[in-house]
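Geometric and topological summary
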Amino acid sequence: MIRKAKIADLDVIREVFEDAKKIMRKDGNLHQWNDGYPQDEVLINDIEKDQLYVIEEDEICACFVIQQGEDPTYKVIDGRWISNDPYVTIHRIAKRSGSRIFDKMFEYVKKTYKHIRIDTYQDNKIMRFLLKEHGFAYCGIIYLSDGDPRMAYEYTEL
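First things first, this report covers the structure right here in the doc.

1. Thoughts on helix 3 (residues 102–112)
Listed as buried for helix 3 are Phe102, Met105, Phe106, Val109 and Lys110. Projected down its long axis, helix 3 carries its buried residues within an arc of 115°, all on one side. For helix 3, the exposed residues lying more than 90 degrees away from the buried face are Lys111 and Thr112.

Here it is, written out as structure tokens:
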């Protein structure tokens, strides 16, 4: 089941992110989501904006954000977007070890949205593989507000 997250889910969501970080470190992604990211303020803001979702399989096993509207970090890209039509952005995908949730998350998002953008850290080989496997096209490099580069991808049925 996929549903919007609630403040009451916050403790479990934190655990999901810690599990996701362990998976990334084991796979060689040593630098993404360091320094306590995402902080509680980020998660609470996502919940209050109704953009943080959880996936439950007996218990919460994953979470992700669907951000509607333009993402300011996507305005400038070293590369080229496929389409300039309105889009949603998927952010902060996290899962517990042993969960296979990308298919479920992607099917859920694309039922409603036909134009999706996402970015990932260069060392996140798992995410890069999943994006390619699900038909996302690599579009170039975007830069976060702190200047960190991210690989940008786009999926569109428009």
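2. Here we look at the pattern of salt bridges
In total, this model carries 14 salt bridges according to the counting rule given. One salt bridge connects Arg3 with Glu56, and the closest N-O pair in it is separated by 3.2 Å. Taken together, the residues Arg3 in strand 1 (residues 2–4) and Glu56 in strand 2 (residues 52–57) connect sequence positions 53 residues apart. Assessed through its relative accessible area of 17%, Arg3 is described here as buried. Judged by its relative accessible area of 23%, Glu56 falls in the partly exposed class. When the shortest N-O distance is used, the salt bridge between Lys104 and Glu57 registers 2.0 Å. Of this pair, Lys104 sits in helix 3 while Glu57 sits in strand 2, and the two are 47 residues apart along the sequence.

3. Some points on the pairing of strand 2
As paired elements, strand 1 and strand 2 share three bridges and run antiparallel to each other. Within strand 2, the residue paired with Lys4 across the bridge is Tyr53. Relative to strand 3 (residues 59–68), strand 2 is paired through six bridges, and the arrangement is antiparallel. Note that in strand 3 the partner of Glu57 across the bridge is Glu59.

4. Digging into the packing of helix 1 (residues 10–26) against helix 2 (residues 40–48)
The relative placement of two packed helices comes down to the angle between their axes together with the axis-to-axis distance. Closest axis-to-axis distance for the helix 1/helix 2 pair is 11 Å, and the angle between their directions is 120°. Put simply, helix 1 runs oblique to helix 2. Between helix 1 and helix 2 lies a crossing of right-handed hand. Contact residues: Leu10, Ile13, Arg14 and Phe17 in helix 1; Asp40, Leu43, Ile44 and Ile47 in helix 2. A breakdown of the residues in the contact of helix 1 with helix 2 according to their chemical character gives six nonpolar, no polar and two charged.

5. Examining the pairing of strand 6 (residues 115–120)
When you tally the buried positions in strand 6, you get six out of six residues, the bulk of the element. Residues His115, Arg117 and Asp119 line one face of strand 6 and the alternating positions Ile116, Ile118 and Thr120 line the opposite face, and both faces are buried. Bridge analysis of strand 5 (residues 88–95) against strand 6 gives three bridges, and the strand direction is parallel. Pairing of Ile90 across the sheet is with Ile118, part of strand 6. At this point the chain moves from strand 5, through helix 3, to the parallel strand 6, and the crossover so formed is right-handed. Both strand 6 and strand 8 (residues 149–156) contribute to a ladder of six bridges, which runs antiparallel. Counted as the bridge partner of Arg117 is Glu154 from strand 8.

Thresholds, definitions, all that
Residues numbered from 1 in each chain as written. Predicted model: local features only at pLDDT ≥ 70, side-chain atom pairs only at ≥ 80, totals over all residues. Heavy atoms only, no water. Buried < 20%, exposed > 50% of the residue type's maximum accessible area, 1.4 Å probe, protein only. Helix = DSSP H or I, 4+ residues; strand = E, 2+ residues; numbered from the N terminus. Arc of directions from axis to C-beta. Salt bridge = Lys/Arg side-chain N within 4 Å of Asp/Glu carboxyl O. Pairing = 2+ DSSP bridges. Axes fitted to C-alpha atoms, helices over the stretch in contact; angles between N-to-C directions. Parallel < 35°, antiparallel > 145°, perpendicular 65-115°, else oblique. Left-handed = near helix turned anticlockwise from the far one by under 90°. Contact = heavy atoms within 4.5 Å. Nonpolar A, V, L, I, M, F, W, Y, C, P; charged D, E, K, R; others polar. Right-handed = clockwise from strand over helix to strand, strands pointing away.

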